[in-house]
Amino acid sequence: MIPLDLNPEKMPQHVAVIMDGNGRWATSRGLPRIAGHRQGASTLKQLLRCCKDWGIKALTAYAFSTENWQRPIEEVDFLMLLFERLLRHELEQMHREGVRISFIGDLSALPASLQAEIERSMTETLHNQAIHFTVAVNYGSRNEITRACRQIAQLVEQGKISAEAINDSLIEQNLYTADTPAPDLLIRTSGEMRLSNFLLWQMAYTEMYFTDILWPDFDREVFHQALLSYQKRDRRFGQVKALLSA
Ligand code: IPE
Ligand code: IPE
Ligand code: MG
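All chains use their own residue numbering, which begins from 1 and follows the written sequence. All chains are assigned letters beginning at A, and all ligands numbers beginning at 1, according to the order in which they are written. Totals for whole chains, interfaces and linings use every residue, but because this is a predicted model, local features are given only for residues with pLDDT of at least 70 and side-chain atom pairs only at 80 or more, for both listing and counting. Only hydrogens and water are removed before side-chain values are computed, so all heavy atoms of the structure are retained for them.

> Can you break down the packing of helix α2 (residues 33-53) against helix α3 (residues 73-96) residue by residue, with the values?
α3 packs onto α2 with a crossing angle of 30° between their chain directions and a minimal axis gap of 11 Å. Relative to α3, α2 is oriented roughly parallel. Here α2 runs over α3; the crossing is right-handed. Across from Arg33, Ile34, His37, Arg38, Ala41, Lys45, Leu48 and Arg49 in α2, the residues of α3 making contact are Glu75, Phe78, Leu79, Leu82, Leu86, Glu90, Gln93 and Met94. Simply put, an axis is a line fit to the C-alpha atoms, just over the touching stretch for a helix, and the angle between two N-to-C directions goes from 0 to 180 degrees. Working definition: helices are DSSP H or I runs of at least four residues, strands are E runs of at least two. Numbering for both runs from the N terminus. Angle categories: roughly parallel below 35 degrees, roughly antiparallel above 145, roughly perpendicular from 65 to 115, and oblique for all the rest. The sense of a crossing depends on the near helix, which, turned anticlockwise from the far helix by less than a right angle, makes the crossing left-handed and, turned clockwise, makes it right-handed. Pairs of residues are marked as contacts when any of their non-hydrogen atoms sit within 4.5 Å.

> Tell me about α3, and name the residues and values.
For a helix, the expected span equals 1.5 Å multiplied by the residue count minus one. An ideal rise of 1.5 Å per residue puts 34 Å on 24 residues; α3 measures up with 35 Å between its terminal C-alpha atoms. Note that bend, as reported per residue, equals the angle between axes fitted to the 7 residues terminating at that residue and the 7 residues originating from it. Along α3, the helix axis deviates most sharply at Glu90, where the bend reaches about 50°. Its buried side turned inward, α3 meets α2, β2 (58-65), β3 (99-104), α4 (112-125) and β4 (131-139).

> Explain the pairing of β2 to me, and be specific about the residues and the numbers.
With eight of its eight residues buried, β2 lies for the most part within the structure. Should DSSP find at least two bridges between two strands, the strands are regarded as paired. In this structure, strand β1 (residues 14-18) lies alongside β2, joined through five bridges in parallel fashion. Each bridged residue has a counterpart across the sheet, and for Ala16 the counterpart in β2 is Thr60. Burial here depends on accessible area, computed with a 1.4 Å probe over protein chains only, as a share of the maximum for the residue type. Under 20% is buried, over 50% is exposed, and the range in between is partly exposed.

> Can you explain the site of ligand 1? Please cite residues and give values.
Taken together, 13 residues surround ligand 1, and among them Met19, Asp20, Arg24, Arg33 and Arg71 come closest. Under this definition, polar contacts are N or O atom pairs within 3.5 Å; protein pairs additionally need one hydrogen-donor-capable and one acceptor-capable atom, and for neighbouring residues in sequence, both atoms have to be side-chain atoms. A distance of 2.9 Å separates an oxygen atom of ligand 1 from a polar side-chain atom of Arg33. If ligand 1 stood free it would expose 380 Å²; the protein chains cover 87% of that surface. At the level of elements, α1 (22-27), α2 and α3 are the ones that each hand at least two residues to the shell around ligand 1. Any residue outside Ala, Val, Leu, Ile, Met, Phe, Trp, Tyr, Cys, Pro, Asp, Glu, Lys and Arg is labelled polar, Gly included; the first ten of those are nonpolar and the last four are charged. Grouping the constituent residues of the shell around ligand 1 by class yields three nonpolar, five polar and five charged. When at least one non-hydrogen atom of a residue lies within 4 Å of a molecule or strand, that residue is treated as near it. Reported accessibility uses the Shrake-Rupley method at a 1.4 Å probe radius. Residues are deemed covered only where the shown protein chains occlude them.

None of this, on its own, says anything about what the molecule does.
Structure follows, in structure tokens:
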């Protein structure tokens, strides 16, 4: 049930989350950082279900950035194993619930066994329609935009298109997120107020919500607060409000 103070007609279609604060959550409890990641995974599962219940059509979660390889090897290894284990254990139920799962990022650098699970999950759920769940792994916006430039430059080099034919939509088609609408709302937890190389192009007009809550503590109530804040905003897209509503 959608909380009564939320307007079902003004729900964001697409929510993106930067799941931050797992390490601090664990450290503050005297636990190893990986315990925070484990708890964080369960938070994400609950958020996905909540989005589905409340009629949100797409959820994108930042799980591992191109910069996160610089963390201690044990932590990186644990995260890769966690992603693989989650896919193995949760895929069947997600599929049953109509979740379409996608991954964005440079997947070629991931362990082969994880790549195989990713491939399987994307193929199996391709036609599901309840919610589109995208996980960003080894994702970085700069890398994504550079890759798009290279692909387009090749088309020009091969004489397939002219330089004048390059426009916003062609660039968009060459991003990992091709054919998916931009996020309406971005939520970042743990009090950090930065994008950390996440969806820079796509979030040109996304509404942002920052909370001090650490990711493992993010629950329906905090999400509810984020949605209330979102519904109070005027999304003007550079226009004048009176014209927009006319
Ligand atoms: C976010 O939590 C999860 C990943 C980046 C994989 P962190 O691991 O960044 O937690 P903090 O920011 O160190 O507390
Ligand atoms: C951003 O969190 C990446 C993910 C949540 C996967 P980080 O913890 O890596 O970001 P910084 O280092 O604080 O900017
Ligand atoms: Mg962090």
